[in-house]
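Read off the chains here:
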Amino acid sequence: MNRTTKRVANSVLNRRAFKKAISVEKNGIAATDESYWSRQALLLAHSLEKGMSMPNIRAGFGENKASDLADIILSNESLDSYARSEAKSVLYSYVCYRDSSCDPLSTDLRDRLMSASAQELVSGSLPYDAGYFSRDGMDAMQLLSKRRSVRSFKSDKVSNEQMNLVGAFVASSPSACNRQPWRIRWTCDDTKIQRIDELVPGNRGFEGQIPNWAVLSCDRGMFGTGEAFQWYVNGGIALAYFVEGLYLLGMDSCIFQLPVADSCVPTLKELLGIEEGDAVIAAIGFGISDEETCGLHPAAARRDVGSIVRCV
Ligand SMILES: Cc1cc2nc3c(=O)[nH]c(=O)nc-3n(C[C@H](O)[C@H](O)[C@H](O)COP(=O)(O)O)c2cc1C
């Protein structure tokens, strides 16, 4: 086969691979009852947890969500053990939170939530404490496993030097064929920060809290059509290095998802000068934690390692 014929044949095969990848993506989401109900419970629990870390909470915050979560816990057998214990623990911390506020729950609702709650916080969801914020004397294992999302920051801006150090750490992350296809665009400019605050879908309630924003993107052009979506794998790994790098340098962060078809994506790209062909992986809000606000809410718990890793 001559070169041109080979190239045409490859491009036909690659186009087929691309179409196949899209149809797998579209059709492959068959949730079992267990994963469906565990997801519903974890989304409600996460939303309550996140709400409890917001600086200005509206009166009656979370009552419907807590009540729905109690319904799921009390009436649904199809939850995995982690989702059940996390949901119960968050309900307990929600009741404690409302007890200690000047906006207490009605007795009926409180009793129902308590009947579904863990009645204590599970290990791993204890509040952020001074030990979280200090990095002193930690070894690499502790440092890498200790990072948690923070959504409340002091107004300090990050410096170019700090960002170059984090960038060097990201550059050390692995990528397919060492393509290093990622790019990070960051800003601490107040006008841009305010605009990004308005655009990012997952930061409702945290507007005005984030002093520095970054968007991590991946050059799709670095991948052939037979490698559809690999940009998200490579970008996701770099994203993990980015937030861990910030943490190593004494900063905290929160990743915010930017779903591929979200209407904010083109505007964000334009605002930050992100190349049109890039896949946007996520936005990251970061800076120095406001320890007083963060210390009020529980850290996200973790699944039991045995449910993740299994020798087969
Ligand atoms: C891909 C990705 C997208 C996320 N999107 C959001 C988001 O839109 N809003 C938000 O508040 N947190 C978001 N998070 C943060 C998660 O809620 C958080 O990582 C999770 O609850 C575990 O908590 P931890 O980071 O404190 O360990 C996201 C995290 C990842 C990895």
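Residues numbered from 1 in each chain as written. Predicted model: local features only at pLDDT ≥ 70, side-chain atom pairs only at ≥ 80, totals over all residues.

We now examine the overall build of the protein. Helix and strand content of the protein: 13 helices and four strands. C-alpha extents for the protein along the principal axes are approximately 80 × 45 × 40 Å. Counting across all 312 residues of the protein, residues that qualify as buried make up 31%. If you take every contact in the protein between residues at least 6 apart in sequence, the share linking residues at least 24 apart comes to 81%. (Helix = DSSP H or I, 4+ residues; strand = E, 2+ residues; numbered from the N terminus. Buried ≥ 20, exposed ≤ 12 C-beta atoms within 10 Å, placed from the backbone. Contact = placed C-beta atoms within 7 Å.)

Taken domain by domain, the protein comprises domain 1 (33-127 + 296-308) and domain 2 (132-294). With centres defined by C-alpha atoms, the gap from domain 1 to domain 2 works out at 28 Å. Contact with domain 1, which involves seven residues of that partner, is made by eight residues of domain 2. In the side of domain 1 that touches domain 2, the residues fall into five nonpolar, two polar and no charged. (Domains from an automatic or database assignment. Nonpolar A, V, L, I, M, F, W, Y, C, P; charged D, E, K, R; others polar.)

As a structural note, the neighbourhood of the ligand is formed by His46, Lys50, Arg148, Ser149, Gly202, Cys254, Ile255, Phe256, Gln257, Ala282, Ala299 and Ala300. Within the residue set of the shell around the ligand, elements represented by two or more residues are helix 2 (33-52) and strand 3 (252-257). Broken down by element, the residue count for the shell around the ligand peaks at four residues, all from strand 3. For the shell around the ligand, a count of residues per class yields six nonpolar, four polar and two charged. Counting residues domain by domain, the shell around the ligand receives three or more from each of domain 1 (33-127 + 296-308) and domain 2 (132-294). (Near = placed C-beta within 6 Å.)

What follows concerns the nonpolar core. In this structure, Val215, Leu216, Phe242, Ala282, Ala283 and Ile284 are the most contacted members of the largest nonpolar core, which totals 42 residues. Elements supplying a minimum of two residues to this core: helix 8 (160-171), strand 1 (182-187), strand 2 (212-219), helix 10 (230-248), strand 3, helix 11 (264-272) and strand 4 (278-287). With sequence-adjacent residues up to four places away left out, Phe242 is seen in contact with Val166, Val170, Ile184, Leu216 and Ile284. Counting 23 residues, the second-largest nonpolar core is a separate cluster that includes Ala66, Leu69, Ala70 and Leu105. (Core = buried A, V, L, I, M, F, W, Y, C linked by C-beta atoms within 7 Å.)

Moving on: the sheet that holds strand 1. Strand order in the open sheet formed by four strands is 1-2-4-3, and the pairing between neighbours is antiparallel. The two strands at the open ends of the sheet, each matched to only one other strand, are strand 1 and strand 3. Across this sheet, the average inter-strand angle for adjacent strands is 25°, counted without regard to direction. Sheet topology note: the strand 2/strand 4 ladder contains eight bridges and is antiparallel. The residue bridging Asp219 from the neighbouring strand is Asp278, located in strand 4. (Pairing = 2+ DSSP bridges. Axes fitted to C-alpha atoms, helices over the stretch in contact; angles between N-to-C directions.)

Right, let's talk about the environment of Asp219 for a bit. Here Asp219 shows up in strand 2. Considering only alpha carbons, one finds Asp219 and Ile72, 147 residues apart in sequence, at a separation of 42 Å. Beyond its immediate chain neighbours, meaning those up to four positions away, Asp219 contacts Pro181, Arg183, Glu275, Gly277 and Asp278.

A separate point is unusual backbone geometry. In this structure, Cys177 takes a positive phi of about 55° despite not being glycine. Looking at the secondary structure, you find Cys177 in the loop between helix 8 and strand 1. Among the residues examined, Cys177 registers 10 C-beta atoms within 10 Å and is labelled exposed. Of note, Gln180 is a non-glycine position whose phi angle comes to about 45°, a positive value.

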